[in-house]
Amino acid sequence: MPLDVHRVSRETLGAMAAGRANLADLHLLRSAQRSQLLLILRALLDRVDEAARTARRPGGVPSAQAAWQLLCAAQRHAPEAVETVLGDPTVMAWALRLLRRLSGSDGTSSSSAPRWADLGQFQALAAAAALRAGVPAVLRVPAHRGMVWLPGAGVAGPVAQRRWSEAEVRLEGDGAVVRGELAQVWLPRFSTTSSPGWRPLRVVHSRTPPVDGTASVGPWLDTVTPYRDFARYPRCPDRLGERRLELWENRLAGAYALLDQESPADAAALKALVRMYVPRPFPTTRGGLVASASSLDAFGAVSLSLPYDVTQTAAVLVHESRHQQLNALLSLVQLVQVGEDRLGVPEVSRLYYAPWRSDPRPVLGLLHGVFAFAGVAGFWRTHRAHATGAEAQRADFEFAVYREQVREAVASLATEEALTEAGRLFVDEIAALVEEWQQDDVPNGPRALAEHYCALRRAVWRARHLEIARPTAERLATAWVAGKAAPQLSPSTLRPRSDLIRPDTFGPLARYRLSAPDRFARRRRQEDKSGDPARRAEYAAVAGHADEAALGYAEWAERDPHDAEAWIGAVLALPEPAREPGSALLLGRPEVVVGVRRAVVAAGGGLPAPLDLAAWLAAAT
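Visitor: What's the story with the overall build of the protein chain in this structure? I'm lost.
Guide: Of regular secondary structure, the protein chain possesses 22 helices and 18 strands. What you see for the protein chain is a C-alpha radius of gyration of 28 Å, in line with the 25 Å of a compact globule of 621 residues. C-alpha extents for the protein chain along the principal axes are approximately 90 × 60 × 50 Å. Out of the 621 residues belonging to the protein chain, those deemed buried represent 55%. Considering only residue pairs separated by 6 or more positions, the protein chain has 69% of its internal contacts joining residues 24 or more positions apart. In the form shown here, the protein chain has an accessible surface area of approximately 27,600 Å², with 51% of it arising from carbon and sulfur atoms.

Visitor: What should I look at first to understand the side chain of glutamate 565 in this one?
Guide: Along the chain, glutamate 565 falls in helix H19 (residues 564-573). Filtering out sequence-adjacent residues up to four positions away, glutamate 565 remains in contact with Val460, Arg464, Arg502, Glu538 and Trp556.

Visitor: Help me out: how do you make sense of the packing of helix H3 (residues 64-77) against helix H6 (residues 115-133) in this one?
Guide: Describing two packed helices takes the angle between their axes plus the distance from one axis to the other. Their axes nearest at 9 Å, the elements H3 and H6 cross at an angle of 20°. With respect to their mutual orientation, H3 and H6 come out roughly parallel. Crossing angle aside, the handedness with which H3 passes H6 is left-handed. From H3, Ala64, Ala67, Trp68, Leu70, Leu71, Ala74 and His77 reach across to H6, where they touch Phe122, Gln123, Leu125, Ala126, Ala129, Ala130 and Ala133. Per-class residue counts for the contact of H3 with H6 are 12 nonpolar, 2 polar and no charged.

Visitor: What is the right way to look at unusual backbone geometry in this model?
Guide: With the exception of glycine, the majority of residues adopt a negative phi angle, and the majority of peptide bonds are in the trans configuration. Residues glycine 157 and proline 158 are joined by a peptide bond in cis, for which omega reads 5°. On the secondary structure map, proline 158 appears in the loop between strand S4 (154-156) and strand S5 (164-172). With an omega of -5°, the peptide bond running from tyrosine 233 to proline 234 counts as cis. With respect to the secondary-structure elements, proline 234 resides in the loop between strand S11 (232-233) and helix H7 (242-262).

Visitor: Sorry if this is basic, but what is going on with the packing of aromatic side chains here?
Guide: Pairs of aromatic rings are described using the distance from one ring centre to the other and the angle between the two planes. Tallied over the full model, the rule gives 18 aromatic pairs. Geometrically, the ring pair formed by tryptophan 149 and tyrosine 227 is tilted, given 5.0 Å between the ring centres and 45° between the ring planes. On the criterion of sequence distance, the pair formed by tryptophan 149 in strand S3 (residues 148-150) and tyrosine 227 in the loop between strand S10 (220-221) and S11 is long-range, its members being 78 residues apart. According to the relative accessible area criterion, tryptophan 149 is buried, its value standing at 3%. Ring centres 5.4 Å apart and planes at 40° place the aromatic pair tyrosine 227 and tyrosine 233 in the tilted group. Feature note: the residues Trp68, Trp94 and Phe122 constitute an aromatic cluster, connected by ring pairs. The ring of phenylalanine 371 carries the charged tip of arginine 322 above its face, separated from the ring centre by 4.3 Å.

Visitor: Would you mind showing me how to read the pattern of salt bridges here?
Guide: Once the charged atoms of two side chains with opposite charge are near each other, the side chains can pair. In total, this model carries 38 salt bridges according to the counting rule given. Where glutamate 168 meets arginine 170, a salt bridge forms, and the shortest distance between an N and an O atom there is 3.6 Å. Arginine 202 is the salt-bridge partner of glutamate 249, the closest N and O atoms lying 2.8 Å from each other. With glutamate 249 in helix H7 and arginine 202 in strand S9 (residues 202-203), this residue pair connects regions lying 47 residues apart in the sequence.

Visitor: Which parts of the structure should I look at to understand helix H21 (residues 590-602)?
Guide: Because the α-helix completes a turn every 3.6 residues, residues three or four places apart line up on one side. The first and last C-alpha atoms of H21 sit 19 Å apart over 13 residues, in line with the 18 Å expected at 1.5 Å per residue. Of all 13 residues that make up H21, 10 are buried, and the element is covered over most of its length. All of the buried residues in H21 are Pro590, Glu591, Val592, Val593, Val594, Gly595, Val596, Arg597, Ala599 and Val600. For H21, the secondary structure elements touched by its buried residues are helix H13 (444-465), strand S17 (466-467), helix H14 (470-482), H19, helix H20 (583-588) and helix H22 (610-618). Trailing H21 by a residue or two, glycine 604 shows a phi angle of about 80°, which is positive.

Visitor: What is the right way to look at the nonpolar core in this model?
Guide: Generally speaking, soluble globular proteins have nonpolar side chains that are buried together. Core analysis: the largest hydrophobic core is formed by 201 residues, its most contacted members being Trp94, Tyr277, Phe426, Ile430 and Leu617. At 12 residues, H6 tops the list of elements feeding residues into this core. In contact with tryptophan 94, other than residues within four places in its own chain, are Leu41, Leu44, Asp118, Gln121, Phe122, Leu125, Trp149 and Tyr227.

Visitor: Before we go on, may I ask you to explain the side chain of arginine 228 in this structure?
Guide: Counting through the fold element by element, arginine 228 comes out in the loop between S10 and S11. A relative accessible area of 1% places arginine 228 in the buried class. Here threonine 225 takes part through its backbone oxygen, which lies 2.7 Å from a polar atom of the side chain of arginine 228. A distance of 2.7 Å separates a polar side-chain atom of arginine 228 from the backbone oxygen of cysteine 236. For arginine 228, the residues in contact, after removing those within four places along its chain, are Thr90, Asp222, Thr223, Arg235, Cys236, Pro237, Asp238 and Val278.

Visitor: I tried to follow the sheet that holds S5 on my own but got confused; where do I start?
Guide: One key point about sheets: their strands pair by backbone hydrogen bonds, in either a parallel or an antiparallel sense. Read from one edge of the open sheet, 4 strands run S2-S5-S6-S7, paired in antiparallel fashion. What marks the edges here is a single partner per strand, and that holds for strand S2 (137-144) and strand S7 (184-188). Sheet twist, expressed as the mean angle between neighbouring strand axes with direction ignored, is 25°. Relative to strand S6 (residues 175-179), S5 runs antiparallel, the two being bridged by 5 bridges.

Visitor: Explain the sheet that holds S3 here, please?
Guide: Overall, antiparallel pairing links the 3 strands, which are arranged S3-S4-S8 in an open sheet. Strands with a single pairing partner mark the edges of an open sheet, and in this sheet they are S3 and strand S8 (198-200). Neighbouring strand axes in the sheet, compared pairwise and without regard to direction, differ in orientation by 20° on average. Both S4 and S8 contribute to a ladder of 3 bridges, which runs antiparallel. Looking across to S8, one finds that glycine 154 is bridged to proline 200.

Visitor: What is the right way to read a positive patch on the surface from this model?
Guide: The grouping of Arg519, Arg522, Arg525 and Lys529 at the surface amounts to a positive patch. Relative to the helices and strands, arginine 522 is located in helix H16 (residues 517-528).

Visitor: Would you mind going over helix H5 (residues 89-103) with me for this structure?
Guide: Taking 1.5 Å of rise per residue, 15 residues should cover 21 Å, and H5 covers 22 Å from first to last C-alpha, within 8% of that figure. Counting buried residues in H5 gives 12 out of 15 residues, a clear majority hidden from the surface. Those residues of H5 not exposed but buried are Pro89, Thr90, Val91, Met92, Ala93, Trp94, Ala95, Leu96, Arg97, Leu98, Leu99 and Leu102. One or two residues past the end of H5 sits glycine 104, with phi positive at roughly 75°.

Visitor: Would you mind going over the environment of arginine 407 with me for this structure?
Guide: The residue arginine 407 is located in helix H11 (residues 389-413) in this model. The partly exposed category is assigned to arginine 407, whose relative accessible area is 34%. Each C-alpha atom, one on arginine 407 and one on proline 355, is 10.0 Å from the other, the two residues being 52 residues apart in sequence. Those residues within four positions of arginine 407 in sequence are excluded, and the remaining contacts are Val434 and Gln438. One polar contact links arginine 407 to glutamate 404, side chain to side chain, over a distance of 2.7 Å.

What counts as what
- Residues numbered from 1 in each chain as written.
- Predicted model: local features only at pLDDT ≥ 70, side-chain atom pairs only at ≥ 80, totals over all residues.
- Heavy atoms only, no water.
- Helix = DSSP H or I, 4+ residues; strand = E, 2+ residues; numbered from the N terminus.
- Rg over C-alpha atoms; globule rule 2.2 N^0.38 Å.
- Buried < 20%, exposed > 50% of the residue type's maximum accessible area, 1.4 Å probe, protein only.
- Contact = heavy atoms within 4.5 Å.
- Areas by Shrake-Rupley, 256 points an atom, 1.4 Å probe, with all protein chains shown as cover.
- Axes fitted to C-alpha atoms, helices over the stretch in contact; angles between N-to-C directions.
- Parallel < 35°, antiparallel > 145°, perpendicular 65-115°, else oblique.
- Left-handed = near helix turned anticlockwise from the far one by under 90°.
- Nonpolar A, V, L, I, M, F, W, Y, C, P; charged D, E, K, R; others polar.
- Phe/Tyr/Trp six-rings, centres within 6.5 Å; stacked < 30°, edge-to-face > 60°.
- Lys NZ or Arg CZ within 6 Å of the ring centre and 35° of its normal.
- Salt bridge = Lys/Arg side-chain N within 4 Å of Asp/Glu carboxyl O.
- Expected span 1.5 Å × (residues − 1).
- Core = buried A, V, L, I, M, F, W, Y, C linked by side-chain atoms within 4.5 Å.
- Polar contact = N/O pair within 3.5 Å; in protein donor to acceptor, adjacent residues only side chain to side chain.
- Pairing = 2+ DSSP bridges.
- Patch = residues over 30% accessible without salt bridge, like charges linked within 9 Å, V, L, I, M, F, W, Y side chains within 5 Å.
- Lys, Arg positive; Asp, Glu negative; His and termini not counted.
- Charge placed at Lys NZ, Arg CZ, Asp CG, Glu CD.

Written out as structure tokens, the structure is:
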């Protein structure tokens, strides 16, 4: 029979870019990813048995062909059983990593598993499908620290003590026996409840009925799968207590319910594309950051730390579902052209300022961020109509921040020559959406704080990662020391400096103030008693107390005279009419002030005040 071909129409591409993807569009992405997984498994099938012959394992590695035949038998007997197993995102993660390992190109992740164990997981895949389908069989499967992985179900054990061993899975009509060298575990056919020797994937039950066409199983909360980590594998099961797991489930279920009520399109995309959530350790305080990630290797899986409330959870899920959507789309449509030099080596992409990141990003990374944060901005824009009190101020701030950040990033992409015709259409749709958002009014308080925050991030990024040429800086320094007028300034160049990056603290403080003003005030009083002028300055600036902020920033600059963030913060803490000459240049091109000031010091010209030097330089622009 001829194979189906996955095609993305111009209308579908535009709808996805604008956040209007319908169920048919989402099904297309999910179906294409399933086809990709089947192709990966088929490619593995051609290699696994050959690789098994050279794997160091007493008794050899069981045949992948036999496992494949068992999968086929399970498919004939109960197709939904195989679909559930293949719907586990960690199956794709295992398969892709193994395929790269066999081809010698596994440079993006780190495995501590012996080759025979990675190869043997083909048997685990077949065992999990046969267990769900009720197909009798006996298989030998790998056990990591005594734990046996059954994709789409969970892990059984421990049945052994050694780091790596082999276990037997004996499948019967009503369940399976997993037997190792020290113990055995009985598994009922459909066991979703924890029991001695069995740790299942936990299902997050939605508070609203499922939408037709979305995933029928899950989402899962995965704390057990050995391939759930995006960077290293295998991993042992986490030791999260029942109360902590229930907190995760309640927060995720609450976020799904909120999106169902306020953002049905986002809710539909989430249910169609995301199958699994992997908790990760990361301390999150109120107003603080959430660590989250998606991976090309694990379509449908999202790794994240616990957000501090349901609303933040919903925003994070929208963000990650956008990454899932774009990852799937990029497997069908090329949006960015990767050029090659004359030797056939991929050219290094230009790097850009991504307002939500502290490091410069290539064009594809910027496109991912634009699409993801356009979704987040749309979520907060909608949420503003439903929020009241402090929550409304928080929503206004978030919308104002992401509206500006996406606008600025889209403007950068508009000049990018590497975009294909499809990529240009995609970006234009987002640009039209952002232009429409500019007409929305935001109350003065949250809007001003958002403008302050965006300007701070932009200026600090420039001070860290841009510079002027040393001869130019020395020529300007010579003129400054001689008391002459500043020569004309030249353009700056990018020089990424990861060593200068420090965590964003202003943004979390702003969110803290808006979402919990009383707690913010108490915490500020505590910080005022500490010896850190940077913290005092930022608290005062977020609170809108310009005089106290100025004192804090002055102390900060005195403690660290070369930290441009202190100078930038001091300027931004003042209302615009009160700013000194040179403020605009210090905010717009702080890297020039940094470079010339360093050159003046080297020339023996003392340590000029940043604003004095900026005012002098401004006359040359």
